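Coordinate analysis (summary)
Below are the chains, spelled out letter by letter.
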Amino acid sequence: LSQGMDVKQIAEHRGLAASTIEGHLAKAVEARRIVISEFVTDEAVSDITTALQAQPEDLSLSALYHLFKGRYGHGVLRAVLAHHQLSKEVL
């Protein structure tokens, strides 16, 4: 990301799965080391956040994954969940 590569390119460069890279980026969002917009589109953040607001607070990552029928990977969902939680803390 910092070198202009997307998740897929980073994964290929490092010999890892894209899901692994997404997981690392999600941890970075949780730790406030990067902002969500560095790897998740505004559209995806909006889509997932809207779904989160309509669901119970204790919605699991797996339930969210199934809600979107696999459209978003676990790493992206985890990052948006973290972003959503951090946004609530600021308010």
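Cut-off values and rules
Residues numbered from 1 in each chain as written. Predicted model: local features only at pLDDT ≥ 70, side-chain atom pairs only at ≥ 80, totals over all residues. Heavy atoms only, no water. Helix = DSSP H or I, 4+ residues; strand = E, 2+ residues; numbered from the N terminus. Rg over C-alpha atoms; globule rule 2.2 N^0.38 Å. Buried < 20%, exposed > 50% of the residue type's maximum accessible area, 1.4 Å probe, protein only. Contact = heavy atoms within 4.5 Å. Core = buried A, V, L, I, M, F, W, Y, C linked by side-chain atoms within 4.5 Å. Polar contact = N/O pair within 3.5 Å; in protein donor to acceptor, adjacent residues only side chain to side chain. Axes fitted to C-alpha atoms, helices over the stretch in contact; angles between N-to-C directions. Parallel < 35°, antiparallel > 145°, perpendicular 65-115°, else oblique. Left-handed = near helix turned anticlockwise from the far one by under 90°. Nonpolar A, V, L, I, M, F, W, Y, C, P; charged D, E, K, R; others polar. pLDDT = per-residue confidence, 0-100. Phe/Tyr/Trp six-rings, centres within 6.5 Å; stacked < 30°, edge-to-face > 60°.

**What about the overall build of the chain?**
Scanning the chain from terminus to terminus reveals 5 helices and 0 strands. For the chain, the α and β elements follow one another from N to C terminus as α-α-α-α-α. Whereas a compact globule of 91 residues would reach a radius of gyration of roughly 12 Å, the chain reaches 13 Å, a difference of no more than 12%. Principal axes of the C-alpha set define a box for the chain whose edges measure 40 × 30 × 20 Å. Sorting the 91 residues of the chain into buried and exposed places 34% on the buried side. In the chain, the share of contacts with a sequence separation of at least 24, taken over all contacts with a separation of at least 6, comes to 55%.

**Details of the side chain of His84**
Tracing the sequence through the fold places His84 in helix 5 (residues 74-90). Beyond its immediate stretch of four places on either side in the chain, His84 contacts Thr49, Leu52 and Gln53.

**Brief notes about the nonpolar core**
Phe39, Val40, Ile48 and Val80 are the most contacted members of the largest nonpolar core, which has 25 residues in total. Elements supplying a minimum of two residues to this core: helix 1 (7-14), helix 2 (18-30), helix 3 (42-53) and helix 5. When sequence neighbours within four positions are dropped, the list of residues in contact with Phe39 reads Leu1, Val7, Glu22, Leu25, Ala26, Val29, Ile34, Gly75, Val76 and Ala79.

**Thoughts on the side chain of Thr49**
Topologically, Thr49 is positioned in helix 3. Residue Thr49 is classed as buried on the basis of its relative accessible area of 16%. Engagement of the side chain of Thr49 in a polar contact is seen with the backbone oxygen of Val45, the distance being 2.7 Å. Ignoring any residue separated from it by four or fewer positions in sequence, one finds Thr49 in contact with Val80 and His84.

**So, the packing of helix 1 against helix 2**
For the pair helix 1 and helix 2, the least separation of the axes is 8 Å and the interaxial angle reads 110°. Between helix 1 and helix 2, the interaxial angle falls into the category roughly perpendicular. Helix 2 is crossed by helix 1, and the crossing has right-handed handedness. Counting all contacts with helix 1, which are made through Val7, Ile10, Ala11 and Arg14, the residues of helix 2 involved are Ala18, Ile21, Glu22 and Leu25. Looking at side-chain class alone, the contact of helix 1 with helix 2 contains 6 nonpolar, no polar and 2 charged residues.

**A short note on the confidence of the model for the chain**
Mean pLDDT over the chain stands at 90; residues scoring 70 or higher make up 97%. Per-element confidence in the chain is highest for helix 3, whose mean pLDDT is 94, and lowest for helix 5, whose mean pLDDT is 88.

**With respect to the packing of aromatic side chains**
A full pass over the atoms with the stated rule returns 1 aromatic pair. Residues Phe68 and Tyr72 carry aromatic rings whose centres are separated by 5.1 Å and whose planes lie at 75° to one another, so their mutual orientation is edge-to-face. The same class applies to Phe68 as to Tyr72, namely buried.

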